Amino acid sequence: GFAPRRILDVGSGIGCYVFYLHDFFPGARITGWEIDKTKLAVSKKLIGEFHASSVAFTYGDIVRKPVGKDRYDVVMTIDVLEHVQDYKRALKHMQALLAPGGYLYIHVPQITQRRFFSVFNLWEHEDHVREGFDPKQIIKELEDIGFRPVSVRSTFGFFGSLAWELNHLCLAHSVVLAALVYPFLYALACLDTVTKNTRGLGVAILAQKSHT
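Residues numbered from 1 in each chain as written. Predicted model: local features only at pLDDT ≥ 70, side-chain atom pairs only at ≥ 80, totals over all residues. Heavy atoms only, no water.

Looking only at helices and strands, the protein features six helices and seven strands. When the elements of the protein are put in sequence order from the N terminus, they spell out β-α-β-α-β-β-α-β-α-β-α-α-β. A principal-axis box enclosing the C-alpha atoms of the protein has dimensions of 50 × 40 × 35 Å. Among the 212 residues that make up the protein, the fraction classed as buried is 44%. Taking the contacts inside the protein whose residues are at least 6 apart along the sequence as the reference set, 79% of them involve residues at least 24 apart. Accessible area for the protein stands at about 12,200 Å²; split by element, carbon and sulfur atoms hold 58% of it. Looking at the protein, you have 24 positive and 21 negative side-chain charges, and the mean spots of the two groups are 7 Å apart. (Helix = DSSP H or I, 4+ residues; strand = E, 2+ residues; numbered from the N terminus. Buried < 20%, exposed > 50% of the residue type's maximum accessible area, 1.4 Å probe, protein only. Contact = heavy atoms within 4.5 Å. Areas by Shrake-Rupley, 256 points an atom, 1.4 Å probe, with all protein chains shown as cover. Lys, Arg positive; Asp, Glu negative; His and termini not counted. Charge placed at Lys NZ, Arg CZ, Asp CG, Glu CD.)

What follows is about the sheet that holds strand β7 (residues 202-209). Pairing within the open sheet is mixed, and its seven strands lie in the order β3-β2-β1-β4-β5-β7-β6. The strands lining the two open edges of the sheet, one partner per strand, are β3 (55-59) and β6 (147-155). Taking the axes of each pair of neighbouring strands and ignoring which way they run, one obtains an average angle of 15° across the sheet. Contacts from helix α1 (residues 16-24) reach β1 (6-10), β2 (29-34), β3 and β4 (72-78) within the one sheet, and its direction differs from that of β3 by about 155°. (Pairing = 2+ DSSP bridges. Axes fitted to C-alpha atoms, helices over the stretch in contact; angles between N-to-C directions.)

A few words on the side chain of H22. Its place among the elements puts H22 in helix α1. Not counting residues within four places of it along the chain, the set of residues in contact with H22 comprises I30, H51, A52, S54 and V55.

Laid out in structure tokens, this is it:
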């Protein structure tokens, strides 16, 4: 099976995905880049608690940081590009950080999102510079810089998006209520994994860098 030796998580937050990958690929060296220094400090403290000696976290700005000599087998960025003004520059930097034949995995919100409750029709994230991406457009942009799409999958489909909206409605009413119904909403969202989503709130794209 696929066994990457070096993995980079761009916008690693407090390290949730990094530690998950550490368990999934125990032989890999996994690095997290994060620009929020508070989250970065938390993630560094968690290394000892998870006994993850092959994990490292560092301050990294994918738009401004000069590309060094390190090359990765996998670069991933999950729910980050919607926060980045010059996301095309970020994609080019991630392409340069990948070894030939390496894989890029990105997850971003889609620009057209179906809503169940009208209160969310004009809902926006305060810290987003854009609310979503057109999957066809971002795939074209990836192809233009030397990537071959391997997999494109809609996420947060019917069940996941319904669970997301119900969770936010509960949170707006009471944190206690949200905590009580969370197990039910989690189970509801998990139904997305056994159904085929033709559309959804997000899109997950796996692309491979050219070998040349």
